[in-house]
Amino acid sequence: MTSLAANASRWLNADALTGEDTQINLQPFPFFIARNTLNKEKMPAFLEAFPHLKGAGYLPHEKEQCGAAINTLIEQFTDPEFANAIGRNLGIEELSQYPTYVSISRTLKKRHGRIHTDGKSKIATALLYLNPEWTLDGNGCLRFLRCIDDFEDTVAPEVRPSYGTLAAFKRADNSFHGHLPFEGQRLVIQVAWLVSAADKERKAKRGRLSHILKRILGWFSGKQGPNGKDAATPT
């Protein structure tokens, strides 16, 4: 029987980033959008293996929470050859030389998606979307922007977080991006290439702490009703 790892070369490869479905922009900051990067036949395996995270927003990737298909996909995503292909589209030489930090998001709250540039500890960021379909316009769709206070001042058409779409950008002081408020399921794998190993360790510690706090808050909200009463107790 053929293993998942043996089949992985067909899931995500560097050639997917140079085809006609890829849009590359260098101004006002380097970014690109590649569509149809994943074989649709693999979608059920990815959806089944995607972790059921407790807490909204991006949480650090932990192998034991994911199925084999997602862990193998992340190995492909962070592979040096694939990283360097992303870097070439962004004008970054040997992106693979930088340490990576992987995070995963299953659900969002409306507070997520505000416009920002990413911190200076990041060299570049790539987002791989795994949502089977996305019928909403605007809400939850990634936008690359000219400024920090206007969601309508876009520099490219908004990016629907549909299955197999990969968006990446080079971090800069003007690498503004975000999305309109959305609450619900939105499956994303994020890889960030960082300036140093020390930055990776700091992010990992912060991510673990955030994960713990979100699990505690999730447990508490499950015990409490909207008025602070036990949710399992009828009023």
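Residues numbered from 1 in each chain as written. Predicted model: local features only at pLDDT ≥ 70, side-chain atom pairs only at ≥ 80, totals over all residues. Heavy atoms only, no water.

(A) Representation of the side chain of S105. Position of S105 among the secondary structure elements: in strand β4 (residues 100-108). Residue classification places S105 among the buried residues on the basis of a relative accessible area of 0%. If we ignore the near neighbours within four places in the chain, the residues touching S105 are F50, L53, G57, Y58, R186, L187 and V188. (Helix = DSSP H or I, 4+ residues; strand = E, 2+ residues; numbered from the N terminus. Buried < 20%, exposed > 50% of the residue type's maximum accessible area, 1.4 Å probe, protein only. Contact = heavy atoms within 4.5 Å.)

(B) Just helix α3 (residues 68-77), in detail. For α3, a buried count of seven out of 10 residues is recorded, marking the element as mostly surrounded by other parts of the structure. Listing the buried residues of α3 in full gives A69, I70, N71, T72, L73, I74 and F77.

(C) Region of the structure containing the side chain of T22. Checked against the element boundaries, T22 lands in strand β1 (residues 22-25). Here T22 falls in the buried class, since its relative accessible area comes to 17%. Polar contacts involving the side chain of T22 include one to the main-chain carbonyl oxygen of L17, which spans 3.5 Å. Ignoring any residue separated from it by four or fewer positions in sequence, one finds T22 in contact with A16, L17, F32, I33, A34 and N89. (Polar contact = N/O pair within 3.5 Å; in protein donor to acceptor, adjacent residues only side chain to side chain.)

(D) Representation of unusual backbone geometry in the model. Omega for the peptide link from Q27 to P28 comes to 0°, which places this bond in the cis form. By the secondary structure assignment, P28 is in the loop between β1 and β2 (31-34). The phi torsion at E94 lies on the positive side, around 50°, for a residue other than glycine. Structurally, E94 is set in the loop between α4 (80-90) and β4. At D118, a residue that is not glycine, the phi angle is positive and equals roughly 80°. On the secondary structure map, D118 appears in the loop between β4 and β5 (122-129).

(E) Region of interest: the sheet that holds strand β7 (residues 166-170). One open sheet holds the seven strands; their spatial order is β1-β2-β7-β5-β9-β4-β3, and the pairing between them is antiparallel. What marks the edges here is a single partner per strand, and that holds for β1 and β3 (59-60). Here seven bridges tie β5 to strand β9 (residues 184-194), and the two strands are oriented antiparallel to one another. Each bridged residue has a counterpart across the sheet, and for K122 the counterpart in β9 is L194. Of the strands in this sheet, β4, β5, β7 and β9 are in contact with α3, which crosses β9 at around 40°. Against the sheet, α4 engages β1, β2, β5, β7 and β9, with an angle of about 60° to β7. (Pairing = 2+ DSSP bridges. Axes fitted to C-alpha atoms, helices over the stretch in contact; angles between N-to-C directions.)

(F) Just the environment of A198, in detail. With respect to the helices, strands and loops of the structure, A198 is situated in helix α5 (residues 197-223). Note on A198: relative accessible area 41%, which makes it partly exposed. Along the sequence, A198 and P99 sit 99 residues apart, while their C-alpha atoms lie 9.5 Å from each other.

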